[in-house]
Amino acid sequence: MKVQTPITKEHVDFYRENGFVKVDDMLTPEELADLRQYLEEAMQHDGEHTIRTDTKGGAYYRVLNQKVNTWRDHGGMALFTFHPRFAHAALELTGAKEIRVFHDHALWKMPEDSKPTPWHQDTPYWPINEAERGMMSIWIPLEDVNEENGCMAFVPKSHKLGKLPGINFRDPQNIFDYVEKGKLDDQRPVVVPLKAGSVTFHNGLTFHYAYANKTDRPRRVLAIIYMPDGITYSGKKHPVTDGLGLEPNQPLAGPLFPVVARRIENSAAQM
Ligand code: SIN
Ligand code: NI
């Protein structure tokens, strides 16, 4: 299947050099309208397979009201989590042979006593052996985001530092304390406001942060985590893999981690 994406050589070069990239016009207005409806439904419906990480009143909830694997209980969400345009964009940015979905999550930053998402890398939380192989996320806001309602910021080139300790979202350490002196001195965080329909992609090792939501409405985001070929399970506890009977070091593959884009020899992104 030939899939058109808005990814240019400039996006690819920027992503590989800096560990994140902003891509405009990834979703059409019609797709955004559908995604808003589906994600609202998914957040209101407690399905059997979707995992909620904290309930109202919890310390994590003030950072993120999160639901993991919305696709497993909502067919409309599956259309977006497996969306070929998003997956092929990930294929082009990473240069991988193929892309699988690891999981999706709804990331709502709720109003009222909202806390920023602390500076962190994503990779330390994932149960994978290959921290450096370029697992990554697409971050899709359903409305315009800025510093008032929880847009993201990234530290360019921080993905080159390798995997550092995980940050506790309820009581965060300062990730910059883990950085060897002189390693990031010339890098300043880049704040990335987005218009609805635009997205960011970030490498799982890139330092990122999101502002608190000071408005009176939830900041609604869908994030999808993509795995390039060759990712294996480490055995670390994780809500998506616990209970699946996986053996350490086996490939993360099979029906719950499907291939969503594949490169065909001598061709651009195809599946
Ligand atoms: C957020 O949406 O606030 C954070 C997203 C992320 O950590 O990837
Ligand atoms: Ni993150």
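Quick caveat, the model's predicted, so the values are computed rather than measured. (Residues numbered from 1 in each chain as written. Chains lettered and ligands numbered in written order. Predicted model: local features only at pLDDT ≥ 70, side-chain atom pairs only at ≥ 80, totals over all residues. Heavy atoms only, no water.)

S.K.: Go over the nonpolar core, please, and point to the residues and values.
M.R.: By size, the foremost hydrophobic cluster in this structure holds 39 residues, and its most contacted members are Leu27, Phe86, Ile140, Phe201 and Tyr226. Every residue in contact with Leu27, bar those within four places of it in the chain, is listed here: Leu32, Leu35, Phe80, Arg85, Phe86, Ile140, Gly197 and Val199. Phe20, Phe154, Phe169 and Ala223 belong to the second largest nonpolar core, which has 16 residues in total. (Core = buried A, V, L, I, M, F, W, Y, C linked by side-chain atoms within 4.5 Å. Buried < 20%, exposed > 50% of the residue type's maximum accessible area, 1.4 Å probe, protein only. Contact = heavy atoms within 4.5 Å.)

S.K.: If you had to explain the coordination of the nickel ion (ligand 2) to someone new, which residues and values would you point to?
M.R.: His120 (NE2), Asp122 (OD) and His208 (NE2) make up the full set of protein donors to the nickel ion (ligand 2), lying at 2.0 to 2.1 Å. Of note, the nickel ion (ligand 2) draws all its donor residues from one chain, in the sequence arrangement H-x1-D-x85-H. Taken together, the residues His120 in strand β5 (residues 117-120) and His208 in strand β10 (residues 208-210) connect sequence positions 88 residues apart. Here His208 falls in the buried class, since its relative accessible area comes to 3%. (Donors = N, O, S within 2.8 Å, 3.2 Å for Na, K, Ca; no water. Helix = DSSP H or I, 4+ residues; strand = E, 2+ residues; numbered from the N terminus.)

S.K.: Describe the sheet that holds strand β7 (residues 152-154), naming the residues involved and giving the relevant values.
M.R.: Strand order in the open sheet made by the four strands is β5-β10-β7-β8, with antiparallel pairing throughout. The sheet is open, and its two borders are formed by β5 and β8 (190-192), each paired with just one other strand. Strand-to-strand twist of the sheet, defined as the mean angle between neighbouring strand axes without regard to direction, takes the value 20°. Summarising the sheet, β7 and β10 pair through three bridges and their orientation is antiparallel. When the sheet's bridge partners are listed, Phe154 is paired in β10 with His208. (Pairing = 2+ DSSP bridges. Axes fitted to C-alpha atoms, helices over the stretch in contact; angles between N-to-C directions.)

S.K.: So what's going on with the site of ligand 1? Which residues, and what values?
M.R.: The local shell around ligand 1 consists of Leu64, Leu107, Lys109, Thr117, His120, Trp139, Met152, His202, His208, Ala210 and Arg219. One nitrogen or oxygen atom from the side chain of His120 is found 2.9 Å from an oxygen atom belonging to ligand 1. Between Arg219 and ligand 1, the recorded distance is 2.8 Å, taken from a side-chain N or O atom to an oxygen atom. Starting from 260 Å² of accessible surface for ligand 1 in isolation, the protein chains cover 94%. The pocket occupied by ligand 1, as judged from atoms lying within 2 Å of grid points, is the largest pocket. At the level of secondary structure, the elements contributing two or more residues to the shell around ligand 1 comprise β4 (98-109), β5 and β10. Residue composition of the shell around ligand 1, by class: five nonpolar, four polar and two charged. (Near = heavy atom within 4 Å. Polar contact = N/O pair within 3.5 Å; in protein donor to acceptor, adjacent residues only side chain to side chain. Areas by Shrake-Rupley, 256 points an atom, 1.4 Å probe, with all protein chains shown as cover. 1 Å grid on protein atoms, 1.4 Å probe; cavity = no way out; pocket = protein on both sides within 12 Å on 5 of 7 lines; lining within 4 Å. Sits in = over half its atoms within 2 Å of the grid points. Nonpolar A, V, L, I, M, F, W, Y, C, P; charged D, E, K, R; others polar.)

S.K.: So what's going on with the side chain of Glu143? Which residues, and what values?
M.R.: Inspection of the secondary structure puts Glu143 in the loop between β6 (136-141) and β7. Side-chain polar atoms of Glu143 contact the side chain of Arg220, separated by 2.9 Å. Leaving out residues up to four positions away in the same chain, Glu143 has contacts with Ala196, Pro218, Arg219 and Arg220.

S.K.: Pulling in residues and values, what's your account of the packing of aromatic side chains?
M.R.: Scanning the entire structure with this criterion turns up 11 aromatic pairs. Arranged with centres 4.8 Å apart and planes meeting at 70°, the rings of Trp71 and Phe82 form a pair that is edge-to-face. Of this pair, Trp71 sits in the loop between β3 (65-68) and α4 (75-81) while Phe82 sits in the loop between α4 and α5 (84-94), placing them 11 residues apart in sequence. A centroid spacing of 5.6 Å and a plane angle of 75° characterise the contact between Phe176 and Phe207, whose relative ring orientation is edge-to-face. Taken together, the positions of Phe176 in the loop between β7 and β8 and Phe207 in the loop between β9 (199-203) and β10 put the pair 31 residues apart, joining distant regions of the chain. By relative accessible area, Phe176 is classed as partly exposed at 32%. (Phe/Tyr/Trp six-rings, centres within 6.5 Å; stacked < 30°, edge-to-face > 60°.)

S.K.: Tell me about the pattern of salt bridges, and name the residues and values.
M.R.: One pass over the full model with this rule turns up 16 salt bridges. As a salt-bridge pair, Glu40 and Arg220 come within 2.7 Å of each other at their nearest N and O atoms. In this pair, Glu40 is assigned in helix α2 (residues 29-44) and Arg220 in strand β11 (residues 219-228), connecting sequence segments 180 residues apart. Looking at Glu40, the relative accessible area reads 26%, which means it is partly exposed. Arg220 gets classed as buried once you look at its relative accessible area, which sits at 13%. The closest approach of N and O atoms between Lys237 and Asp242, which form a salt bridge, is 3.2 Å. The class of Asp242 is partly exposed, set by a relative accessible area of 31%. When salt bridges with common partners are traced through the structure, they connect Glu17, Lys157 and Lys160 into a single cluster. (Salt bridge = Lys/Arg side-chain N within 4 Å of Asp/Glu carboxyl O.)

S.K.: Tell me about the layout of surface pockets, residues and numbers included.
M.R.: Here the largest pocket defines a volume of roughly 680 Å³. Looking at the largest pocket, it is lined by 31 residues, and the ones nearest its centre are Tyr60, Gln66, His105, Tyr125 and Phe169. Of all elements in the fold, only β3, β4, β5, β6, β10 and β11 reach the threshold of two or more residues within the lining of the largest pocket. (Points joined across faces, edges and corners; volume = space filled by probe spheres on them.)

These figures capture arrangement, not role.
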